[in-house]
Amino acid sequence: MEHLVEQLVTDLPLWILFGIIAVSLFALAKGADLLVEEAVKLSAKWGVPKILIGATIVSLGTTLPEAAVSVFAAVQGNPGLALGNAVGSVICDTGLILGLAAVIAPLPLNRRLVNRQSYIQLGAGVLLVVLSLPFSSLTTVMETGGRLPRQVGFLFLGMLVVYIWFTIRWARSSGRDSGVDTEARALEIKSDAASLPLVVIKLAFAIGLVVVSSQILIPTVEETALRLNVPDSIIAATLVAFGTSLPELVTAISAVVKKHGELALGNVIGADILNVFFVAGAAASVTSEGLEAPVQFFRLLFPAMLFILVVFRIGIALSGTHLRRPFGFVLLGCYLAYAVLSFAEVGISH
């Protein structure tokens, strides 16, 4: 869809581009608000903790742009971009988005559920790195890079199914005393008139609105930046880098502002897991040779991803009932360091 939008906006006057940006931002914000509201209603109706709704249904919806971009890139013969999109999204989601969310307001921690999900999150990241290593020539990995084989792509898709199945089981066993708060129960009473199918339809519409408006916004902003003579390198390192993570960003901020921080937390953790099992898995499975992991992955991207996931895991261990603002600044600092190193890496490569 982004390619179609790119073609359409190329010949439009600058004032129309600004109008499209304004409308897209408005639709994005409204879609995020509706998404959060309907996700909370779904949590109340099912008696499921909001973190689990965020980690499954909301994450599947907001991760669709990453999956679409990565699969398309792999099919078009650019597997490095496909893997880079998945890894970069994990870094952006955990560092930038979760950091911003925690800075805006402390995020409530259901320790049992968060511990379980965050260990899967870290394990998925470690698995991605390990299975991308060239085991036949480990000593030259910093010179030749590695590859995520097609068979591993199918394995990841299988693990995605297992993850969703187990999460549904955990949700059923959580019961109403495991994170479904009094506010959500009150909302359930108010929303009794709204049937479950209607809530699901509204949730699907909200996800679609967030995803589509993101897909329209990014290429329009890129074209506008080019018209205003912003350097290509700056555009690539900023807009393109976090463009596919925009749905998670607006959803997380909207959830925190509406005092549903556990939904934001679940969305980010779930999105990280899905970026490995769903995004990287689907992209690897559609290419006969798998996904290439160039030297830069082992020099910067993989270490940065594992570092930020470990920092997040440590932050959970050291936190009490909430992830507080100081830790949000720590995550933002980690992301800023990664961004600086990325610019340095680009300079070295050229």
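Here goes a summary of the coordinates provided. The residue numbers shown here count from 1 along each chain, following its written sequence. In keeping with the predicted nature of the model, local features appear solely for residues at pLDDT of at least 70, side-chain atom pairs appear and are counted solely at 80 or more, and the whole-chain, interface and lining totals rest on all residues. Computation of side-chain values: all heavy atoms of the structure, hydrogens and water removed.

**Brief notes about the overall build of the protein chain**
Right, so step 1: The helix and strand inventory of the protein chain stands at 15 helices and four strands.
Right, so step 2: Type-normalised accessible area, obtained with a 1.4 Å probe on protein chains alone, sets the label of each residue: buried when under 20%, exposed when over 50%, and partly exposed for intermediate values. Across the 350 residues that make up the protein chain, the buried fraction comes to 53%.
Right, so step 3: We call two residues in contact whenever any of their non-hydrogen atoms come within 4.5 Å of each other. When contacts within the protein chain are restricted to residue pairs at least 6 apart in sequence, those whose partners lie at least 24 apart make up 85%.
Right, so step 4: Carbon and sulfur atoms form 70% of the exposed surface of the protein chain, whose accessible area is close to 15200 Å². Secondary structure counts use DSSP, requiring at least four H or I residues in a row for a helix and at least two E residues in a row for a strand, with both numbered from the N terminus. Method for areas: the Shrake-Rupley scheme with a 1.4 Å probe, in which residue coverage is limited to the protein chains shown.

**Quick notes on the side chain of D93**
Right, so step 1: Following the sequence through the fold, D93 ends up in helix α5 (residues 79–104).
Right, so step 2: For the purpose of counting charges, residues Lys and Arg are taken to be positive, whereas Asp and Glu are taken to be negative. His and the chain ends are not included. When a carboxyl oxygen of Asp or Glu lies within 4 Å of a side-chain nitrogen of Lys or Arg, that pair is called a salt bridge. Of the buried charged residues, D93 lacks a salt bridge, with R313 as the closest side chain of opposite charge at 17 Å.
Right, so step 3: Polar contacts involving the side chain of D93 include one to the side chain of N275, which spans 3.4 Å. Definition of a polar contact: a pair of N or O atoms within 3.5 Å, with one able to donate and the other able to accept a hydrogen when the atoms are protein atoms, and with sequence-neighbouring residues admitted only if both atoms are side-chain atoms.

**Considering helix α13 (residues 261–285)**
Right, so step 1: Here α13 is 25 residues long and its end C-alpha atoms lie 34 Å apart, about the 36 Å a rise of 1.5 Å per residue gives.
Right, so step 2: When you tally the buried positions in α13, you get 25 out of 25 residues, the bulk of the element. Multiplying 1.5 Å by the residue count of a helix minus one yields the expected span of that helix.

**Remarks on the packing of helix α4 (residues 64–75) against α13**
Right, so step 1: Here, axes are lines fitted to C-alpha atoms. For helices the fit covers the stretch in contact, and angles between N-to-C directions go from 0 to 180 degrees. At a closest axis distance of 7 Å, the pairing of α4 and α13 adopts a crossing angle of 25°. When the axis of α4 is compared with that of α13, the two are roughly parallel. The crossing of α4 and α13 is right-handed. Residues L64, E66, A67, S70, V71 and A74 of α4 form the contact with α13, whose own contacting residues are N275, F278, V279, A282 and A283.
Right, so step 2: Note that Gly is not counted as nonpolar here; it falls among the polar residues with everything else outside the nonpolar set of Ala, Val, Leu, Ile, Met, Phe, Trp, Tyr, Cys and Pro and the charged set of Asp, Glu, Lys and Arg. Looking at the contact of α4 with α13 residue by residue, the classes come out as eight nonpolar, two polar and one charged. To sort the angles, those under 35 degrees are grouped as roughly parallel, those over 145 as roughly antiparallel, those from 65 to 115 as roughly perpendicular, and the leftovers as oblique. By the definition used in this description, the sense in which the near helix is turned from the far one sets the handedness, with an anticlockwise turn below a right angle giving left-handed and a clockwise turn giving right-handed.

**What about the packing of aromatic side chains?**
Each aromatic ring pair is characterised by the separation of its centres together with the angle its planes make.
Right, so step 1: What counts as a ring pair is set by centres within 6.5 Å for rings of Phe, Tyr and Trp (its six-membered ring), and what kind of pair is set by the plane angle: stacked under 30 degrees, edge-to-face over 60, tilted for all other angles. Tallying each qualifying case throughout the model produces five aromatic pairs.
Right, so step 2: Ring centres 5.2 Å apart and planes at 80° place the aromatic pair F298 and F302 in the edge-to-face group. Here F298 pairs with F302, and both are found in helix α14 (residues 295–318), just four residues apart, close to one helical turn. Both residues of the pair, F298 and F302, count as buried.
Right, so step 3: Grouped by ring-pair contacts, the aromatic residues F297, F298 and F302 constitute a single cluster.
Right, so step 4: One cation-aromatic arrangement involves R313 over Y119; the distance from NZ or CZ to the ring centre is 4.1 Å. Here, a charge over a ring means that NZ of Lys or CZ of Arg falls within 6 Å of the ring centre while also lying within 35 degrees of the ring normal.

**Thoughts on α5**
Each full turn of the α-helix corresponds to 3.6 residues, which orients residues three or four apart in the same direction.
Right, so step 1: Its 26 residues give α5 an end-to-end C-alpha distance of 36 Å, which sits within 8% of 38 Å, the value for a rise of 1.5 Å per residue.
Right, so step 2: Among the 26 residues in α5, 22 count as buried, and that is most of the element.

**Things to note about the nonpolar core**
What tends to happen in soluble globular proteins is that the nonpolar side chains get buried as a cluster.
Right, so step 1: Throughout, nonpolar core names a set of buried Ala, Val, Leu, Ile, Met, Phe, Trp, Tyr and Cys residues whose side chains join them through atoms within 4.5 Å. Counting residues in each nonpolar core, the largest one holds 93 residues, and the members touching the most others are L83, V87, L128, L148, L265, F302 and M305.
Right, so step 2: When residues of this core are assigned to their parent elements, the largest contribution, 14 residues, is made by α13.
Right, so step 3: Ignoring sequence-local partners within four residues, the contact set of F302 consists of L83, V87, L128, V129, S132, A293 and F297.

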